[in-house]
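# Reading the structure
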Number of protein chains: 2
Amino acid sequence: MSDRSNIKDVSALAGVSVKTVSRVLNGHRYVSQDTRERVEKAMQELEFRPSVAARILAGNKSGQIALIYDNHSPYYMNQVQMGCWEACQASNSRLLAQPVDVGDAMVGEQVRGLVTETHVDGVVLSSPVTDCAPVLKALEGMDIPFVRISPGTNHAMTSSVFMDDAQAADDMTSYLIAQGHRKIGFIRGHSSHMASEERLFGYRRALDRAGLPFEPALVAPGEFDFDSGVAAAHLFLNGPTRPSAIFASNDDMAAGVLSVAHDMGLSVPQDLSVAGFDDTTLARMVWPQLTTIHQPTREMAFAATQLLLQGAQLTHRRLQHDLIERASVAPVNPDLLSSQDLS
Amino acid sequence: MSDRSNIKDVSALAGVSVKTVSRVLNGHRYVSQDTRERVEKAMQELEFRPSVAARILAGNKSGQIALIYDNHSPYYMNQVQMGCWEACQASNSRLLAQPVDVGDAMVGEQVRGLVTETHVDGVVLSSPVTDCAPVLKALEGMDIPFVRISPGTNHAMTSSVFMDDAQAADDMTSYLIAQGHRKIGFIRGHSSHMASEERLFGYRRALDRAGLPFEPALVAPGEFDFDSGVAAAHLFLNGPTRPSAIFASNDDMAAGVLSVAHDMGLSVPQDLSVAGFDDTTLARMVWPQLTTIHQPTREMAFAATQLLLQGAQLTHRRLQHDLIERASVAPVNPDLLSSQDLS
DNA sequence: CTGTTAGCGCTTTCAA
DNA sequence: TTGAAAGCGCTAACAG
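Given the structure is predicted, the values throughout are model-derived calculations rather than measurements.

### Quick word on the overall build of chain A
What chain A contains, in helices and strands, is 13 helices and 12 strands. Here chain A, with 343 residues, has 55% of them falling under the buried criterion. The contacts in chain A between residues at least 6 apart in sequence include a share of 70% that link residues at least 24 apart.

As structure tokens, this is what we get:
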């Protein structure tokens, strides 16, 4: 705070009123070219930087938005932060990234506090805060715009950015079919997430289009966690209708399947193909043999932030996913299914 | 901004002056128990939240600090953010996390702008911004306290928190040597991080002490990301001087090496030992076969932030690293090195 | 196109 | 232990 100069200093140096300086600062029209230049020169000379605090207090917008997240995967959050950050850069806004604990009984209050204390103009919610009831309720009661990235529920409630889960699941299923698989186990996602239903639908649609029968025995329940994947893998691999490929609705469950496959001495993908959704790019790194649907996390964050900053009314944007094939998922060799490999 | 209540509303409801409310807000002494309770009740009733902007403008401290970083590894940044965040929580401060590009010619100006615009009370610098001359110069010229996490240069300049990178790399290298390895590939870190040089030094020192030759061909460049690890692994494993162990300067790169090893059908650690620095515990969980130097990143960030918030004068704290051995890294079996395993 | 005058919501003197 | 008044640096009406 050594020698901060203020708008008054600038106006004095430039020989104009403070209001004129303010106009220049905010890019208003109706400032003569000559005046504008004089003011800008003065600002430069004094290294003038407008106080955000003062602008907030005087005006009605802060130029700040908040990103609220509950940190699950570093990679996921990194992508989200970068996406939001880039959009803010482009709009000359500041980003306040605030972690919360969606399990905390006080989350709603925390968010309310954050918003009123900092005067942010809007809020970006990333999963799983997107579906955290206390937070949504707090935000709705505050008359502040917010956008959600991949909301699982209540799509109609706010603007949101998401991907086409049904198509993604369809793509992956079709890919597996093209590899020669005929019995493909599917592990559902958590029932509270809209995406789970969508993915199941996509799976069925692909089977249907390929003329393959839908077998209920090849669908296992799941809750998006590692243990669900383990349970489902046991169900499939020890059951009567043994699939040659297992498609999990997210990467944690796919990890569970891989773990079981490994324990049983099965090689992936020679003995069993495992596919999953990939939130983070991490899964791909960790398990190169995993073929995944890559979710465009960063792009979604960017788009969501853009939507918020542009003040778009209730807009929904669907972004494209990618199917990322890492290892060649070998066509099924039924003989191999029973052999006990080394590895 | 629907119905924000202000300090005046509170004072009216509580039947006291605004100054008294302010006193309660700031935890001043000299407020009678009775008055304090009345005020607190009024605040609660009105869901009062003090405007940060107003407090900044009126007072001389903002209750905000900035964390400035240049995002190289998501894991690393996640840990840094969490550490800073926790320290802020404890001190009731707000954290502004701001990415910058240390290569940008304007980075100094950007930081200067950030500081004066937001009125932050202090700044935490994480590597490699810790050693970014334009930023350091800008900060020094502003009379604002700042603390550095793992600075590579000018230790005496500011308070800092760091670990002994050379010793850590030395420890790991010595460990690998003790396991019987004689050819140990080393993957350097990003050149903008001073720690990279330290680690290379530690690697060389350990070799030297053990009487092993330093072979330039066993040092690969790296940029702290997954792809660097992949590239380096290819370089080593397909090159003429094939090492029996690869030591990566961070965990993202170690992951890349593991991925390649897997693709090539090599078992770790039977065919190839892989070691790395580790910002989180995640890498260790995912790859139990990985031996790592655990960097107390989060702890360093926490300590640095604490130092800043407590206004400690020129303090340096060195935190201890740990060598975490996960799987028994089998002594080298040269025969295995050329065999192409199934797996 | 430009200037004047009130505040925004708080903290800080200075009194009581 | 409490209160009254004067700003902090800016923007928002209103004038000119």
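Picking up where we left off.
### Digging into helix H13 (residues 297–309) of chain B
All names here are of chain B. For H13, which comprises 13 residues, the first-to-last C-alpha distance of 18 Å matches the rise-based estimate of 18 Å (1.5 Å per residue) to within 8%. Among the residues of H13, Thr 297, Met 300, Ala 301, Ala 303, Ala 304, Thr 305, Leu 307 and Leu 308 are the ones counted as buried. Residues of H13 that are buried sit in contact with strand E1 (64–69), helix H5 (74–91), strand E3 (122–126), strand E4 (146–149), strand E5 (159–163) and strand E11 (316–319). One or two residues past the end of H13 sits Gly 311, with phi positive at roughly 65 degrees.

### Thoughts on unusual backbone geometry
Residues and elements named next belong to chain A. Geometrically, the link from Ser 127 to Pro 128 is a cis peptide bond, its omega value of 5 degrees lying close to zero. Its location among the elements puts Pro 128 in the loop between strand E3 (122–125) and helix H7 (133–140). The phi angle at Glu 47 is positive, at roughly 55 degrees, despite the residue not being glycine. Here Glu 47 shows up in the loop between helix H3 (33–45) and helix H4 (52–58).

### Focus on the sheet that holds E4 of chain B
Residues and elements named next belong to chain B. A sheet is described by the order of its strands in space; here six strands give the open sequence E2-E1-E3-E4-E5-E11, paired in parallel fashion. The two strands at the open ends of the sheet, each matched to only one other strand, are strand E2 (94–99) and E11. In this sheet, neighbouring strand axes are inclined to one another by 15 degrees on average, regardless of whether the strands run parallel or antiparallel. Judged from the three bridges that link them, E4 and E5 form a sheet pairing that is parallel. Note on E5: the bridge partner recorded for Val 147 is Ser 159. Its contacts with the sheet place helix H6 (residues 107–118) against E1, E2 and E3, and it is angled at close to 165 degrees to E1.

### A few points about the UniProt feature "domain: HTH cro/C1-type" (unreviewed entry) in chain A
Here the UniProt-annotated "domain: HTH cro/C1-type" (unreviewed entry) positions come out as residues 8–53 of chain A. In residues 8–53 of chain A, helix accounts for 65% and strand for 0%; the two terminal C-alpha atoms are 16 Å from one another.

### Let's talk about empty space enclosed by the protein
With a probe scaled to a water molecule rolled over the atoms, the places where space remains empty come into view. Residues and elements named next belong to chain B. Scanning the model with the defined rule gives six cavities of 30 Å³ or more in all. Empty space within the largest cavity amounts to approximately 190 Å³. Here the lining of the largest cavity is composed, by residue class, of five nonpolar, seven polar and three charged. A domain-level breakdown of the lining of the largest cavity finds at least three residues from each of domain 2 (64–162 + 298–320) and domain 3 (165–296 + 324–339).

### A look at the protein's contact with DNA strand D
In the vicinity of DNA strand D lie 26 residues, with Ile 7 and Ser 22 of chain A together with Ser 17, Thr 20 and Thr 35 of chain B positioned nearest. The sugar-phosphate backbone supplies 63% of the atoms of DNA strand D found within 4 Å of the protein. Take Ala 54 of chain A: an N or O atom from its main chain is 3.3 Å from a base nitrogen of DNA strand D. In the model, a base oxygen of DNA strand D is placed 3.0 Å from a nitrogen or oxygen of the Leu 57 of chain B main chain. Along the lines of polarity and charge, the residues of the surface near DNA strand D split into 11 nonpolar, 10 polar and five charged.

### Quick look at the protein's contact with DNA strand C
Around DNA strand C sit 26 residues, and of these Thr 20 and Thr 35 of chain A together with Ile 7, Lys 19 and Ser 22 of chain B come closest. Sugar and phosphate atoms constitute 61% of the interface atoms of DNA strand C, taking the interface as everything within 4 Å of the protein. Interatomic distance of 3.4 Å between a backbone N/O atom of Ala 54 of chain B and a base nitrogen of DNA strand C. Secondary-structure elements contributing two or more residues to the surface near DNA strand C are helix H2 (18–25) and H4 of chain A together with helix H2 (18–25) and helix H4 (52–58) of chain B. Among the elements that line the surface near DNA strand C, the one with the most residues is H4 of chain B, at four residues.

### Here's the deal with the interface of chain B and chain A
In this assembly, 47 residues from chain B lie in contact with 46 residues from chain A. Where chain B packs against chain A, one counts six salt bridges. The salt bridge involving Glu 109 of chain A is made with Arg 49 of chain B; its shortest N-O contact spans 2.8 Å. Inspection of the chain B/chain A interface yields 13 residue pairs in polar contact (both at pLDDT 80 or more). Of all the secondary-structure elements, those providing two or more residues to the side of chain B that touches chain A are H4, H5, E2, H6, helix H11 (251–263) and helix H12 (282–286) of chain B.

### Details of the sheet that holds strand E6 (residues 184–187) of chain A
Residues and elements named next belong to chain A. The sheet built from six strands is open, its strands ordered E7-E6-E8-E9-E10-E12 with mixed pairing. Edge strands, defined here as strands with exactly one partner in the open sheet, are strand E7 (219–220) and strand E12 (322–324). Pairing of strand E10 (residues 291–294) with E12, which is carried by three bridges, proceeds in the antiparallel orientation. The residue of E12 that forms the bridge with Thr 292 is Ile 324. On top of the sheet, helix H10 (residues 226–238) reaches E6, E7 and strand E8 (245–248); it is set at about 150 degrees to E6, its chief contact. Across the face of the sheet, helix H11 (residues 251–263) comes into contact with E6, E8 and strand E9 (273–278) while running at roughly 160 degrees to E9.

### Focus: the pattern of salt bridges
Residues and elements named next belong to chain A. Tallying each qualifying case throughout the model produces 27 salt bridges over all chains. Its salt-bridge partner being Glu 109, residue Arg 112 comes within 3.1 Å of it at the nearest N-O pair. Of the two residues, Arg 112 and Glu 109 are both situated in helix H6 (residues 107–118); the distance of three residues between them amounts to about one turn of the helix. Using a relative accessible area of 19% as the deciding quantity, one classes Arg 112 as buried. When its relative accessible area of 27% is taken as the criterion, Glu 109 is described as partly exposed.

### Regarding the environment of Leu 309 of chain A
All names here are of chain A. The residue Leu 309 is located in helix H13 (residues 297–309) in this model. A residue is classified by how much of its surface remains accessible, and Leu 309, at 26% relative accessible area, is partly exposed. With 175 residues separating them along the chain, Leu 309 and Pro 134 place their C-alpha atoms 24 Å apart. Aside from chain neighbours lying at most four places away, what touches Leu 309 is Ile 65, Ala 87, Cys 88, Ser 91 and Ser 93.

### Things to note about the packing of aromatic side chains
Under the counting rule described, the total for this entry stands at eight aromatic pairs over all chains. Seen in terms of ring centroids, Phe 186 of chain A and Tyr 203 of chain A are 4.7 Å apart; in terms of plane orientation they differ by 20 degrees. Their pairing is stacked. Here Phe 186 of chain A, found in strand E6, pairs with Tyr 203 of chain A, found in helix H9 (residues 194–209); they are 17 residues apart in sequence, far enough to count as distant. Pair check on accessibility: Phe 186 of chain A and Tyr 203 of chain A agree, each one buried. Counting every residue linked through ring pairs, the aromatic cluster contains Phe 186, Tyr 203, Phe 214, Phe 247 and Phe 277 of chain A. For the cation-ring pair, Arg 204 of chain A lies above Phe 214 of chain A, with the distance from its terminal atom to the ring centre recorded as 3.8 Å. For the cation-ring pair, Arg 199 of chain B lies above Phe 277 of chain B, with the distance from its terminal atom to the ring centre recorded as 3.9 Å.

Reading the values: the criteria
- Residues numbered from 1 in each chain as written.
- Chains lettered and ligands numbered in written order.
- Predicted model: local features only at pLDDT ≥ 70, side-chain atom pairs only at ≥ 80, totals over all residues.
- Heavy atoms only, no water.
- Helix = DSSP H or I, 4+ residues; strand = E, 2+ residues; numbered from the N terminus.
- Buried < 20%, exposed > 50% of the residue type's maximum accessible area, 1.4 Å probe, protein only.
- Contact = heavy atoms within 4.5 Å.
- Expected span 1.5 Å × (residues − 1).
- Pairing = 2+ DSSP bridges.
- Axes fitted to C-alpha atoms, helices over the stretch in contact; angles between N-to-C directions.
- UniProt positions renumbered as here; feature names shortened; annotations may be inferred.
- 1 Å grid on protein atoms, 1.4 Å probe; cavity = no way out; pocket = protein on both sides within 12 Å on 5 of 7 lines; lining within 4 Å.
- Points joined across faces, edges and corners; volume = space filled by probe spheres on them.
- Nonpolar A, V, L, I, M, F, W, Y, C, P; charged D, E, K, R; others polar.
- Domains from an automatic or database assignment.
- Near = heavy atom within 4 Å.
- Polar contact = N/O pair within 3.5 Å; in protein donor to acceptor, adjacent residues only side chain to side chain.
- Salt bridge = Lys/Arg side-chain N within 4 Å of Asp/Glu carboxyl O.
- Phe/Tyr/Trp six-rings, centres within 6.5 Å; stacked < 30°, edge-to-face > 60°.
- Lys NZ or Arg CZ within 6 Å of the ring centre and 35° of its normal.

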